[in-house]
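The chain contents come next:
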Amino acid sequence: MDLIVTHKSADFDALSSLVAAGKLYPDARLLLPGSQEKAVRSFLSLIKDKVKIEDEKTCRMDDVTRLVIVDNRHASRIGSAAALLGKKNVKVHIYDHHPRTKFDIKADKDVFKEVGATVSILLEVLDKKGKLDLTPLEATLMLLGIYEETGSLSYSATTRLDVDLVSRLLEQGANLNAVSSYLNRELSGTELSALIDLLKSVETVNVRGMNIAFSHIDVRAFDGEMAAVVHKVQDVENYPVLFVMFCSGEKVKVLARSRVDLIDVNKVLGHFGGAGHHGAASARIEGRPAEQIKSEILRVLEKMIQPEVYAGDIMSFPVETVSQDEKVTEVLENLRLLGYKGAPVLNESSALVGMITQGDLKKALKHGMGHSRIKGYMSVPLITVVPETPMHELREIMVDRGKGRIPVIKDNKLVGIVTRTDVLKKVFSSLFPEKAGERVKITDISERMNAMFPKQLMRLIKRIAAEADALGMNVFLVGGLVRDLLLKRKNYDLDIVVEGDAIEFGRKLGDRIGGALVVYHKFGTSTLVKDWPAWLGRPLHPGNKFKIDIATARRETYERPAALPTVEFSSLREDLYRRDFTINAMAVNINKKNFGLFLDFFGGMKDLEKGVIRTLHDRSFIDDPTRIFRAVRFEQRFGFTIEKHTEYLITHAVKREMFHRTENQRIRDELILMLKERDPEKAVFRMRQLHELQFIHPAMALKRSIKKTFAEIRKCARWYTSAAPGKRKPDIWLMNFMVMLDKLTVEQVEEVLRKFVFTRSESTRLRFYREYADKTIRKLSSRKRMMPSEIYDILEPFSHEAMLCVMARTSSAAARKRIKRFFTHYSGVKLRIKGHDIKKEGIKPGPRYTEILHRMLERKLDGKLPTKRDEIRYMRKLIAEDSSS
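Residues numbered from 1 in each chain as written. Predicted model: local features only at pLDDT ≥ 70, side-chain atom pairs only at ≥ 80, totals over all residues. Heavy atoms only, no water.

Undergrad: How should the sheet that holds strand 13 (residues 342–346) be read in this particular structure?
TA: Taken in spatial order, the three strands of this open sheet run 12-13-14, and their pairing is mixed. The sheet is open, and its two borders are formed by strand 12 (322–323) and strand 14 (352–357), each paired with just one other strand. Both strand 13 and strand 14 contribute to a ladder of five bridges, which runs antiparallel. What sits directly across from leucine 346, in strand 14, is leucine 352. (Pairing = 2+ DSSP bridges. Helix = DSSP H or I, 4+ residues; strand = E, 2+ residues; numbered from the N terminus.)

Undergrad: What's the story with the packing of aromatic side chains in this structure? I'm lost.
TA: One pair of aromatic rings is described through two measures. These are the centre distance and the angle between the planes. Summed over the entire model, instances satisfying the criterion amount to 22 aromatic pairs. Seen in terms of ring centroids, phenylalanine 737 and phenylalanine 758 are 5.6 Å apart; in terms of plane orientation they differ by 40 degrees. Their pairing is tilted. Taken together, the residues span a long stretch of sequence, with phenylalanine 737 in helix 28 (residues 732–740) and phenylalanine 758 in the loop between helix 29 (746–756) and helix 30 (760–780) at a distance of 21 residues. Classification of phenylalanine 737 by relative accessible area gives buried; the value is 0%. Among the aromatic residues, those joined into a ring-pair cluster are Phe581, Phe621, Phe634, Phe638 and Phe640. Over the ring of phenylalanine 214 we find lysine 294; its NZ or CZ atom is 5.7 Å from the centre of that ring. Over the ring of phenylalanine 685 we find lysine 707, and its NZ or CZ is 4.9 Å from the ring centre. (Phe/Tyr/Trp six-rings, centres within 6.5 Å; stacked < 30°, edge-to-face > 60°. Buried < 20%, exposed > 50% of the residue type's maximum accessible area, 1.4 Å probe, protein only. Lys NZ or Arg CZ within 6 Å of the ring centre and 35° of its normal.)

Undergrad: I would appreciate a short explanation of helix 24 (residues 644–655) in the present structure.
TA: Residues separated by three or four positions in an α-helix point in the same direction, a consequence of the helix having 3.6 residues per turn. With 12 residues, helix 24 should reach 16 Å at 1.5 Å per residue; the first-to-last C-alpha distance of 17 Å fits that figure. Regarding helix 24, the residues found buried are Thr646, Leu649, Ile650, Ala653 and Val654. Buried residues in helix 24, looked at end-on, bunch into an arc of 135 degrees, giving them a common side. More than 90 degrees from the buried face of helix 24, the exposed residues found are Lys644 and Lys655. If you follow the buried residues of helix 24, they end up packed against strand 27 (612–613), helix 22 (620–623), helix 23 (627–638) and strand 28 (641–642). The N-capping residue of helix 24, defined by a side-chain oxygen 3.2 Å from the backbone nitrogen of histidine 645, is glutamate 643. Just past helix 24, the residue glutamate 657 takes up positive phi, approximately 55 degrees. (Expected span 1.5 Å × (residues − 1). Arc of directions from axis to C-beta. Contact = heavy atoms within 4.5 Å. Polar contact = N/O pair within 3.5 Å; in protein donor to acceptor, adjacent residues only side chain to side chain.)

Undergrad: Would you mind showing me how to read the environment of aspartate 108 here?
TA: Relative to the assigned elements, aspartate 108 resides in the loop between strand 4 (91–96) and strand 5 (109–112). Separated by 42 residues in the primary sequence, aspartate 108 and arginine 66 have C-alpha atoms spaced 9.9 Å apart. For aspartate 108, the contacting residues outside a window of four places in its chain are Val90, Lys91 and Val92.

Undergrad: Would you mind going over the environment of isoleucine 833 with me for this structure?
TA: By secondary structure assignment, the location of isoleucine 833 is in the loop between helix 33 (813–826) and helix 34 (835–839). Measuring from C-alpha to C-alpha, the distance between isoleucine 833 and leucine 853 comes to 8.7 Å, with 20 residues separating the pair along the chain. Here isoleucine 833 is in contact with Leu853, Met856, Lys868, Glu871, Ile872 and Met875, once residues within four sequence places are set aside.

Undergrad: Explain the nonpolar core here, please?
TA: The nonpolar side chains of a soluble globular protein tend to be buried with one another. Counting residues in each nonpolar core, the largest one holds 128 residues, and the members touching the most others are Ile464, Leu477, Leu494, Ile548, Ile696 and Phe737. Core analysis: the second largest hydrophobic core is formed by 46 residues, Leu30, Val40, Leu134 and Ala139 among them. (Core = buried A, V, L, I, M, F, W, Y, C linked by side-chain atoms within 4.5 Å.)

Undergrad: Teacher, can you tell me more about unusual backbone geometry here?
TA: Across the chain, the bulk of peptide bonds are trans and the bulk of non-glycine residues have phi less than zero. Its identity is not glycine, yet aspartate 71 carries a phi of approximately 55 degrees, on the positive side. Inspection of the secondary structure puts aspartate 71 in the loop between strand 3 (66–70) and strand 4. The class for aspartate 71 is buried, based on a relative accessible area of 1%.

Undergrad: Which parts of the structure should I look at to understand the packing of helix 27 (residues 706–723) against helix 33?
TA: Describing two packed helices takes the angle between their axes plus the distance from one axis to the other. At a minimum axis distance of 10 Å, the contact between helix 27 and helix 33 shows a crossing angle of 30 degrees. By the angle between their axes, helix 27 is roughly parallel relative to helix 33. Regarding helix 27 and helix 33, the two cross each other, and that crossing is right-handed. Counted together, Glu712, Cys716, Trp719, Tyr720 and Ala723 of helix 27 and Arg816, Lys820, Phe823 and Thr824 of helix 33 form the full contact between these two elements. (Axes fitted to C-alpha atoms, helices over the stretch in contact; angles between N-to-C directions. Parallel < 35°, antiparallel > 145°, perpendicular 65-115°, else oblique. Left-handed = near helix turned anticlockwise from the far one by under 90°.)

Undergrad: What should I look at first to understand the packing of helix 4 (residues 136–150) against helix 5 (residues 160–171) in this one?
TA: In contact at an axis separation of 9 Å, helix 4 and helix 5 are set at 155 degrees when each is read in the N-to-C sense. In terms of their interaxial angle, helix 4 and helix 5 are classed as roughly antiparallel. For helix 4 against helix 5, the interelement crossing comes out left-handed. Where helix 4 abuts helix 5, its residues Ala139, Met142, Leu143, Ile146, Tyr147 and Thr150 lie against Asp162, Leu165, Val166, Leu169 and Leu170. Residues of the contact of helix 4 with helix 5, tallied by class, amount to nine nonpolar, one polar and one charged. (Nonpolar A, V, L, I, M, F, W, Y, C, P; charged D, E, K, R; others polar.)

Undergrad: Looking at this structure, how should I read the sheet that holds strand 3?
TA: Across a sheet, strands are paired by hydrogen bonds formed along the backbone, either parallel or antiparallel in direction. Taken together, five strands build an open sheet; the order of strands is 2-1-3-4-5 and the sheet is parallel. The open sheet is flanked by strand 2 (29–31) and strand 5, the only strands paired with a single partner. The sheet shows a mean angle of 15 degrees between the axes of neighbouring strands, taken without regard to direction. Here strand 4 pairs with strand 5 via four bridges, running parallel. Opposite tyrosine 95, over in strand 5, you have valine 111 as the bridge partner.

Undergrad: Teacher, can you tell me more about the pattern of salt bridges here?
TA: A side chain of one charge can pair with a side chain of the opposite charge when the charged atoms of the two come close. Taken as a whole and judged by the stated rule, the model has 52 salt bridges. Residue aspartate 2 is joined to arginine 66 by a salt bridge in which the shortest nitrogen-to-oxygen separation is 3.0 Å. Pair noted here: aspartate 2 is in strand 1 (residues 2–5) and arginine 66 is in strand 3, with a separation of 64 residues, a long-range link. On the basis of relative accessibility, which here comes to 12%, the residue aspartate 2 falls in the buried class. For arginine 66, a relative accessible area of 27% translates into the label partly exposed. Linking aspartate 531 and lysine 545 is a salt bridge whose minimum nitrogen-to-oxygen distance equals 2.8 Å. Of the two residues, aspartate 531 is situated in strand 21 (residues 525–531) and lysine 545 in strand 22 (residues 545–552); the sequence distance between them amounts to 14 residues. One connected set of salt bridges, linked through shared partners, spans Asp580, Asp624, Arg627, Arg630, Arg633, Arg666 and Glu670. (Salt bridge = Lys/Arg side-chain N within 4 Å of Asp/Glu carboxyl O.)

Below is the structure:
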């Protein structure tokens, strides 16, 4: 025989769970031990003819072989049914939403789930078994259980399952009016008196910034329902955490309620043998007065609550500031551009003198004062805080004084700003999905370094670290090297950050390992340049140079959008924060003490795992619009996706035409890097999708058909490398750019060349290609027989990149064959005679030399001058013809 039992002083979750379990175990007896809450007793009087529920006096237990316990897991709370525990022939099943503890009943089957109510667990099991078929009365009882336990779905413990089941119960006829009448009943006279006494005795204690409410009353003459009174106290005062002590001589019953994630009252009262769940719990305590119990609860809370959060922990930095002498219209435009509601105001000495908001500026505009300085419209006097200001004080300033943003000052300098959003994110963290940078990830990746890096490179890294140790500096590998290390991609570009003087460190390191040092005083950086070491294999970059970039941990601020940064010394975290994307903002410490310690402040590892390109802050593309190209480049290189908000920021910056505010040479450099990628067409067409091509030229429009041309360029370049191994490798990026310029006019190409200031050689090759490529394709595609000299004369003026691009574009087999023939047979042909041979014939040096040599080369290409003697004979013939004429 099965017996289903719940806890003493049963509430609606206990009763509804009992009835729901009866549907899972249809032949079981249902037992309510001890007494029940008043509202439950009232409901039982209505259903006693519909549901057979027994009490301890009448319930038979000698034939029980399985004990099912619902909404409870403590032996002390199931009354006489506890006698069945420990019997060998009795199996125990538990269904409960209260967290497990070491004091729990040992069960053969224990079903636990973090939901708002135990009845939700049982209803889910019934639904999976296809047995969720309830009468309207049963559905109403189940709804009472969920609503009472979840505060009508308002408590933090409420889950999606609870909400979904409410909908199912309403579909099956649950009566909301009936539910309301039981959960919102009027208090009896003694309960109302108790409520008044409790409200009078409430005392709040601040524990690490959290207000904890305590109240107590003597209940020796109380005959009401304690839980109902506590519920009303919460309704009236809305305390985040409340402990109510009902005292009866030396016996005290504590009821606790919590509406914040930080305080789990089940854990607090667990220290006193109590039980419950995160938001509601109770305990019975004997032999200790209320004041002592309160002191013990406070000691538990001191350990449970994390240290106070301070302004320095949540402030935003660097801070966007404005000058008091700027005009209203200019400041309003910049604030809108950056998406800020307001900003601190500085005077000519860079001292903080006020705050200005968009609201202040709009009022000035309304009165026709857009040309005025903002000095007359900023808010003064100013309320500021220090980094050590606790969270509860910040909240009080914002609520009591109506301040939406508070400057943070340290040593009379502005170091950050706390906004309402910063506070909301901390107080109501569940409303804000965790973003990159909210939790630092620290781990050891030295084994990955040993596996990925050549031994000689590891030795070099340790020599760099030894120099830093000797100088007492912390030193880190950062940027793409760390990213590619985690992606298991080959990258030997050493990007170093030191917490010290990077220029001095570069000098010391150069003395130790050799190399030429290039110093950038404005940025406080240096680069050590060495010959590419043979042990790294084939050079990864043109020029065969190996570089070690060294930077001081620094913060960058921008005097205006898209300007070059102004550099300030700062911490590693701030240095990484200035970088473009989270995946490039990770670091590895290489000092001997912490070698291989991986630091990830902004969630870069998580974004690598997800395959996401995410910017570090909202004004990133405004500060540096070239990052827009970079986002596309990384997205396509790694097969990642630009995160939604980051894509929105790109779109916003493009609409604002931010590219017009940055140096065209920087855009050119990013474009070249993109066109050097393995499959540049992917990035190019992503640029088209994001409307970025307009910044190269407004008329640039690419058809999908040119994707095939990009692929053909790679094929032609591979053929060229194998067919002409001794020749200079072509600039693939230049060939890709030639394809992009194909549909622009010659005049429009000239505009592009002037705008981006390409080198003379690059401009010449691009210009010549655009002007003559189409004509050349037509000539080479001719079906008429062409002599080698004709082919040579057509192609010789072209750069190798232009020829290969023509070869990739044409569909003519004849043209392709002729271009290949030029590379393999004609381009290397040279005459045996030189200018001095002509001089011997009495001809004075001049343009005539070039003409003679060219005519001779044409004849040699056509196979008519096989020997030097033949060349001399033909040279003399040409000279004689000239003399006779």
